[in-house]
Amino acid sequence: MNVAGVARARARVVRNTLLPRRGRPGRGGRHPLLAAVLALLVAVLVGAALSALFETLAGAGATAARAAGTLALVLLASLAGLLVFDLHDAVSTLLLDPDLELLRRAPVPGIALLGLKLADALPRTSLLLVVVAIPAVVAFGLHYPLPAWGWITLPLQLAALWAIPLGAGTAAAVYLLRRLPARRAREALGLISTLTLVALWLANAFLLPRLAEPGPGLAPALDGGRDGLALLAAVSPAHWLANAVAAATAGQPLAAAVATAWLIVVAAAAVALAAWTGARHLGEVQARLAAAPAGRGRAPRATRSARRPRTMLGALLLRDARLLLRDWTVLGDVLTAAVLWTLLPVVGATLHAAPPALLARAMLLALTVGLGYEVAARALPFEREAAAWQRLAPVPVGRWIAAKLIGASAVAAPLMGLAAGTLALVFPLPAGTWPRLVSLALSALWLSIALGVWTGARFGDPTWTSPRAMLTLAGRISASGLLLAQAAIWFWLSALADIREAALPAGIGLWGPPLVGSLVSLLPIRAAMGRLSKLES
Amino acid sequence: MPGIAPPLEVSDLTRRYGRFTAVDRLSLVLRPGEILGFLGPNGAGKTTTLRVCAGLLRPDAGEVRVAGHSLAREPLRARAKLGLVPDRPFLYERLSAREFLEFIAAIYEVPATIANGRAEGLIARLDLEGANDLIETYSLGARQKVSIAAALLPDPPLLMLDEPLTGLDPRAARALKDLLRERAGRGLGVLVSTHLLEVAERLCDRAIILHHGRKVAEGTLDELRRAHGEATLEDVFLALTRESGEEPR
Ligand SMILES: Nc1ncnc2c1ncn2[C@@H]1O[C@H](COP(=O)(O)OP(=O)(O)OP(=O)(O)O)[C@@H](O)[C@H]1O
Ligand SMILES: [Mg+2]
């Protein structure tokens, strides 16, 4: 194998990705420099939050061993996340990578090839390590001082922690693809990855702050569950790492060495397992994938005969419903995003105790403006090249846009209803505040859907590959700006209405938002129609 | 024939990409009941012309009339009268062929009872297997069949096909040619772009040869052969589309 040649080609690919050629604005999506900056930002935020947590624990007199238990939980969460993401990534790489086919025909042994591809994937597979695990350990080390040798062995321990899920995930990917239909496997893993992300987010938003709570918080409960945890601690690499760090803090080199040795042995075993599995089964898996490039899927007959659209609008809506329901990577992503948006304000609110009414309003507003982006902005680019039918068929452009607005509302409204119901259970608000809250949320939802449809028409990328990047980068940035502006303006307007209630016309909290929302939404709707009728293909 | 507008009338059509002129002052008339071959080397501007005539691209100058309706001024009426089989099919990957045809029928407002019969007829004639499977599982040829069926389903007065034989096996190619002949027999217009000169020779009543965006010849096949003193359409084609500086064969 011409190692130098392959390495040169890799370097060229990396350079072209990082520094797009002048004049060619890299096709939507990839912007590694921006991604790196964002990752760093998240890492700093997580580090700061955890640092506050460990400071609280240290202040309350918790021992290093006790705090290490908390550290272990954080590391365990990132380990679980890493495992899922690595598995997903390895499966996607084996399935989709366009140059895998090319490399396969080159005289490269299967296992070297897998190694190459996984090396390519390194920046993605190590993301959780960078944004969670490393900040967590560093935050711990700030409040439970580590001796110098503790810091020196840390990279080795973290590398082992990173190698374990990578090896296990790769081996599992090869096994999975030997047995399951390829496309289903990838979709299922896509959904699981997204759900894992939610779980991590939930843990971050709800559990972590509780750990630091004074008084009867979660920490005693954790202590109470010690027996169950002891078993977990014995087998969890995250706990070995945490114990090694705690031992270093306590000045016990022997205990630290034992825990580190465990980590390294298991990491070596995981990598060996991946290598062995790859050497043994990779050829077979690739032959299987080459023989069946796309698993045959059948459209369920029932939906075909049962529902027959009567009108053009009905046909447009039925098509969108079928396309969305059959693409569970996109559907799962939408649902997950809805949960994340709702919870967004909670993260901020745990720091400053906000009054429930304000928090409920902020959560609902965050969800509504978020949904405009998550659902409505995807409605047009979701069709990819087939959107050309809008210009080919005798369909008035208003009808097409109306279908998108109705369809997006039909997806978004139930999600919002669900969120509002949950909030009603969580926050015991006076009954009188609900009509105004609902009026505000529905108006904001309608406007944000109209703006979302416009962003999709303006910035949609019909060649998207990741469901999270159906807009060009410029589009995602503009959409984020629009989101922030909407949330801020609605929040500010409603706060103003609260303060000036006496001076304003009666009931403005009820009819004001729908009036503003429907009037302002005319602008993006008109712009979207204009844009669609001007598009070419 | 007064009263019957030609399925397609193009006058002085120009389309540029930036400073590059892809179609240069092209005029043509497609008569009812005629199959017009649209020939030309790679990059001659055939696809661009068809896309402009279908309303997918805007012309920089000139006019397109479909069955008497101006594409620029009455776009919905004009579009209702035309069907296009594009060079790359526009399909929804996660619909089945039947669902897709049902969708096409609805947006062209073909009454459901008629649409159903036509869709089944086309599926049978084009020998489209697995019409209930998702399109994402289809082979190249099967996709092309779906694309052809979708264009034929509304039975428009003007049918334009861009390299329609791509991916079709001999049986399907034959079925398509028969379908086009039958349409012409009913007085409908067909404009078909192709590289395959034998196909043009067998199928078309008339042909237009395009070169660098300009029309370099037009006429029935006999007329073309006679006017250029060449034995076959291939000779005519090669003679007309020879690059300057290239030796005549
Ligand atoms: N989007 C575009 N941007 C710039 N130039 C284009 C674009 N599309 C086509 N062209 C150019 O316009 C010319 C005509 O292209 P067109 O696709 O119409 O040719 P064609 O006759 O269909 O060729 P082929 O037989 O290869 O399909 C070519 O020179 C092509 O490079
Ligand atoms: Mg072409």
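The notes below deal with the structure included here. Since the structure is predicted, the reported quantities are computational estimates derived from the model, not experimental observations.

### Details of the site of ligand 1
All names here are of chain B.
Phase 1 of the analysis: Close to ligand 1 lie Tyr17, Phe20, Ala22, Pro41, Asn42, Gly43, Ala44, Gly45, Lys46, Thr47, Thr48 and His195.
Phase 2 of the analysis: Here an oxygen atom of ligand 1 and a side-chain polar atom of Asn42 are 3.0 Å apart.
Phase 3 of the analysis: A distance of 2.5 Å separates an oxygen atom of ligand 1 from a polar side-chain atom of Thr48.
Phase 4 of the analysis: Within the complex, the protein chains bury 58% of what would otherwise be the 630 Å² of accessible surface of ligand 1.
Phase 5 of the analysis: Every element with two or more residues in the shell around ligand 1 is listed here: strand E2 (20–30) and helix H1 (46–53).
Phase 6 of the analysis: Of the residues contributing to the shell around ligand 1, the split by class is 5 nonpolar, 6 polar and 1 charged.

### Notes on the environment of A:Val516
Residues and elements named next belong to chain A.
Phase 1 of the analysis: Among the secondary structure elements, Val516 is positioned in helix H21 (residues 508–534).
Phase 2 of the analysis: Among the residues examined, Val516 registers a relative accessible area of 36% and is labelled partly exposed.
Phase 3 of the analysis: Between the C-alpha atom of Val516 and that of Val84, which follows or precedes it by 432 residues, the distance is 44 Å.

### Thoughts on the pattern of salt bridges
Phase 1 of the analysis: Throughout the structure, instances matching the rule amount to 34 salt bridges over all chains.
Phase 2 of the analysis: When the shortest N-O distance is used, the salt bridge between A:Arg378 and A:Glu374 registers 2.9 Å. Pair noted here: A:Arg378 and A:Glu374 are both in helix H16 (residues 356–379), with a separation of 4 residues, about one helical turn. Both residues of the pair, A:Arg378 and A:Glu374, belong to the buried class.
Phase 3 of the analysis: One salt-bridge network, held together by shared partners, links B:Arg31, B:Glu34, B:Arg206, B:Lys215 and B:Glu218.

### Looking at the sheet that holds strand E5 (residues 69–70) of chain B
Residues and elements named next belong to chain B.
Phase 1 of the analysis: A sheet is described by the order of its strands in space; here 4 strands give the open sequence E2-E1-E4-E5, paired in antiparallel fashion. Looking at strand neighbours, the two that pair on one side only are E2 and E5, the edges of this open sheet.
Phase 2 of the analysis: Pairing of strand E1 (residues 8–17) with E2 involves 7 bridges; the strand directions are antiparallel. When the sheet's bridge partners are listed, Glu9 is paired in E2 with Val29.
Phase 3 of the analysis: Of the strands in this sheet, E1, E2 and strand E4 (61–66) touch H1, which is tilted by about 120° from E1.

### Quick word on the interface of chain B and chain A
Phase 1 of the analysis: At the interface, 36 residues of chain B touch 41 residues of chain A.
Phase 2 of the analysis: Between chain B and chain A, roughly 3700 Å² of surface is buried when both sides are summed, and carbon and sulfur atoms account for 55% of that area.
Phase 3 of the analysis: Broken down by element, the side of chain B that touches chain A gets its largest block of residues, 8 residues, from helix H3 (residues 97–107) of chain B.
Phase 4 of the analysis: Considering only residue class, the side of chain B that touches chain A consists of 19 nonpolar, 5 polar and 12 charged.

### Here we look at the sheet that holds strand E10 (residues 214–220) of chain B
Residue and element names in this part refer to chain B.
Phase 1 of the analysis: The strand order across the open sheet built from 6 strands is E6-E7-E8-E3-E9-E10, with neighbouring strands paired in mixed fashion. Only two strands of the sheet have a single partner each, and these edge strands are strand E6 (82–85) and E10. This sheet shows a mean twist of 15° between the axes of neighbouring strands, independent of strand direction.
Phase 2 of the analysis: Docked against the sheet, H1 engages strand E3 (35–39), E6, strand E7 (158–162), strand E8 (189–193) and strand E9 (206–211), running at close to 150° with respect to E7.

### A short note on the environment of B:Thr49
Residue and element names in this part refer to chain B.
Phase 1 of the analysis: Summarising the element assignment, Thr49 is placed in helix H1.
Phase 2 of the analysis: With a relative accessible area of 1%, Thr49 lands in the buried category.
Phase 3 of the analysis: In the structure, Thr49 is positioned 129 residues away from Asp178 in sequence and 25 Å away in space, judged by C-alpha atoms.
Phase 4 of the analysis: Beyond its immediate chain neighbours, meaning those up to four positions away, Thr49 contacts Leu13, Val23, Leu26, Phe38 and Leu210.

### Structural notes on the pairing of E1(B)
Along any regular strand, the residues point their side chains to alternate faces of the sheet.
Residue and element names in this part refer to chain B.
Phase 1 of the analysis: The antiparallel hairpin formed by E1 and E2 contains 2 residues in its connecting segment, where Gly18 sits at a positive phi of about 65°.
Phase 2 of the analysis: The pairing of E1 with E4 spans 5 bridges and is classified as antiparallel. Bridge assignment links Ser11 to a residue of E4, and that residue is Glu63.

### Examining the nonpolar core
Among soluble globular proteins, nonpolar side chains are generally buried collectively.
Phase 1 of the analysis: The biggest cluster of nonpolar side chains holds 139 residues, and the ones touching the most others in it are A:Trp389, B:Leu8, B:Phe100 and B:Ile107.
Phase 2 of the analysis: Filtering out sequence-adjacent residues up to four positions away, B:Ile107 remains in contact with A:Met312, A:Leu316, A:Trp389, A:Ala393, A:Pro394 and A:Val395.
Phase 3 of the analysis: Counting 45 residues, the second largest nonpolar core, distinct from the first, contains A:Val137, A:Ala160, A:Leu166 and A:Ala248.

### Comments concerning H3(B)
All names here are of chain B.
Phase 1 of the analysis: Of all the 11 residues making up H3, 10 are buried; the element is thus mostly covered by neighbouring parts of the structure.
Phase 2 of the analysis: Three or more residues of H3 are buried, namely Ala97, Glu99, Phe100, Leu101, Glu102, Phe103, Ile104, Ala105, Ala106 and Ile107.
Phase 3 of the analysis: One or two steps after H3, the chain reaches Glu109, where phi turns positive at roughly 50°.

### Describing empty space enclosed by the protein
Residue and element names in this part refer to chain A.
Phase 1 of the analysis: Per the counting criterion, the structure on display carries 4 cavities of 30 Å³ or more.
Phase 2 of the analysis: As for the largest cavity, its lining consists of Tyr373, Glu374, Ala377, Arg378, Pro467, Arg468, Ala469, Met470, Leu471 and Arg476.
Phase 3 of the analysis: Take the lining of the largest cavity: its biggest share by element is 4 residues, from H16.
Phase 4 of the analysis: If you add up the space inside the second largest cavity, you get close to 60 Å³.
Phase 5 of the analysis: Taken together, Val369, Gly372, Tyr373, Ser448, Leu451, Gly452, Thr455, Ala479, Leu482, Leu483 and Gln486 make up the full set of residues lining the second largest cavity.
Phase 6 of the analysis: Elements that contribute at least two residues to the lining of the second largest cavity include exactly H16, helix H19 (433–459) and helix H20 (473–499).
Phase 7 of the analysis: Broken down by class, the residue content of the lining of the second largest cavity amounts to 6 nonpolar, 5 polar and no charged.

### A closer look at the packing of aromatic side chains
Phase 1 of the analysis: Within the structure shown, the criterion is met by 7 aromatic pairs over all chains.
Phase 2 of the analysis: When the ring of B:Tyr92 is compared with that of B:Phe103, the centres are 5.6 Å apart and the planes differ by 85°; the resulting orientation is edge-to-face. With a gap of 11 residues between them, B:Tyr92 in the loop between E6 and H3 and B:Phe103 in helix H3 connect regions that are remote in the sequence. Of the two residues examined, B:Tyr92 and B:Phe103, each falls in the buried class.
Phase 3 of the analysis: Feature note: the residues A:Trp389, B:Tyr92, B:Phe100 and B:Phe103 constitute an aromatic cluster, connected by ring pairs.
Phase 4 of the analysis: The ring of A:Phe459 has A:Arg458 sitting right over it, with the charged end atom 4.9 Å from the ring centre.

### Examining the packing of helix H7 (residues 148–179) of chain A against helix H11 (residues 237–249) of chain A
The geometry of a pair of packed helices is captured by two quantities: the angle between their axes and the separation between those axes.
Residues and elements named next belong to chain A.
Phase 1 of the analysis: Interhelical geometry of H7 versus H11 gives an angle of 180° and a closest axis separation of 10 Å. Classified by the angle their axes make, H7 and H11 are roughly antiparallel. Residues Trp149, Gly150, Leu154, Gln157, Leu158, Leu161 and Ile164 of H7 form the contact with H11, whose own contacting residues are Pro237, Ala238, Leu241, Ala244, Val245 and Ala248.
Phase 2 of the analysis: Classifying every residue of the contact of H7 with H11 by side-chain character gives 11 nonpolar, 2 polar and no charged.

### What about a nonpolar patch on the surface?
Residues and elements named next belong to chain A.
Phase 1 of the analysis: On the surface, Ile489, Trp492, Leu493, Leu496, Leu510, Trp511, Leu515, Val516, Leu519, Val520 and Leu522 cluster together into a nonpolar patch covering about 1000 Å² of accessible area.
Phase 2 of the analysis: Of all the elements in the fold, those that place two or more residues in the nonpolar patch are H20 and H21.
Phase 3 of the analysis: In terms of residue count, the dominant contributor to the nonpolar patch is H21 (7 residues).

### Some thoughts on unusual backbone geometry
All names here are of chain B.
Phase 1 of the analysis: A positive phi angle, close to 50°, is found at Asp12, a residue other than glycine.
Phase 2 of the analysis: Secondary-structure assignment places Asp12 in strand E1.
Phase 3 of the analysis: Under the relative-accessibility criterion, Asp12 is labelled partly exposed at 46%.
Phase 4 of the analysis: Residue Glu163 is not a glycine yet carries a positive backbone phi of 50°.

What counts and what doesn't
Residues numbered from 1 in each chain as written. Chains lettered and ligands numbered in written order. Predicted model: local features only at pLDDT ≥ 70, side-chain atom pairs only at ≥ 80, totals over all residues. Heavy atoms only, no water. Near = heavy atom within 4 Å. Polar contact = N/O pair within 3.5 Å; in protein donor to acceptor, adjacent residues only side chain to side chain. Areas by Shrake-Rupley, 256 points an atom, 1.4 Å probe, with all protein chains shown as cover. Helix = DSSP H or I, 4+ residues; strand = E, 2+ residues; numbered from the N terminus. Nonpolar A, V, L, I, M, F, W, Y, C, P; charged D, E, K, R; others polar. Buried < 20%, exposed > 50% of the residue type's maximum accessible area, 1.4 Å probe, protein only. Salt bridge = Lys/Arg side-chain N within 4 Å of Asp/Glu carboxyl O. Pairing = 2+ DSSP bridges. Contact = heavy atoms within 4.5 Å. Axes fitted to C-alpha atoms, helices over the stretch in contact; angles between N-to-C directions. Buried area = accessible area lost by both parts, 1.4 Å probe. Core = buried A, V, L, I, M, F, W, Y, C linked by side-chain atoms within 4.5 Å. 1 Å grid on protein atoms, 1.4 Å probe; cavity = no way out; pocket = protein on both sides within 12 Å on 5 of 7 lines; lining within 4 Å. Points joined across faces, edges and corners; volume = space filled by probe spheres on them. Phe/Tyr/Trp six-rings, centres within 6.5 Å; stacked < 30°, edge-to-face > 60°. Lys NZ or Arg CZ within 6 Å of the ring centre and 35° of its normal. Parallel < 35°, antiparallel > 145°, perpendicular 65-115°, else oblique. Patch = residues over 30% accessible without salt bridge, like charges linked within 9 Å, V, L, I, M, F, W, Y side chains within 5 Å.

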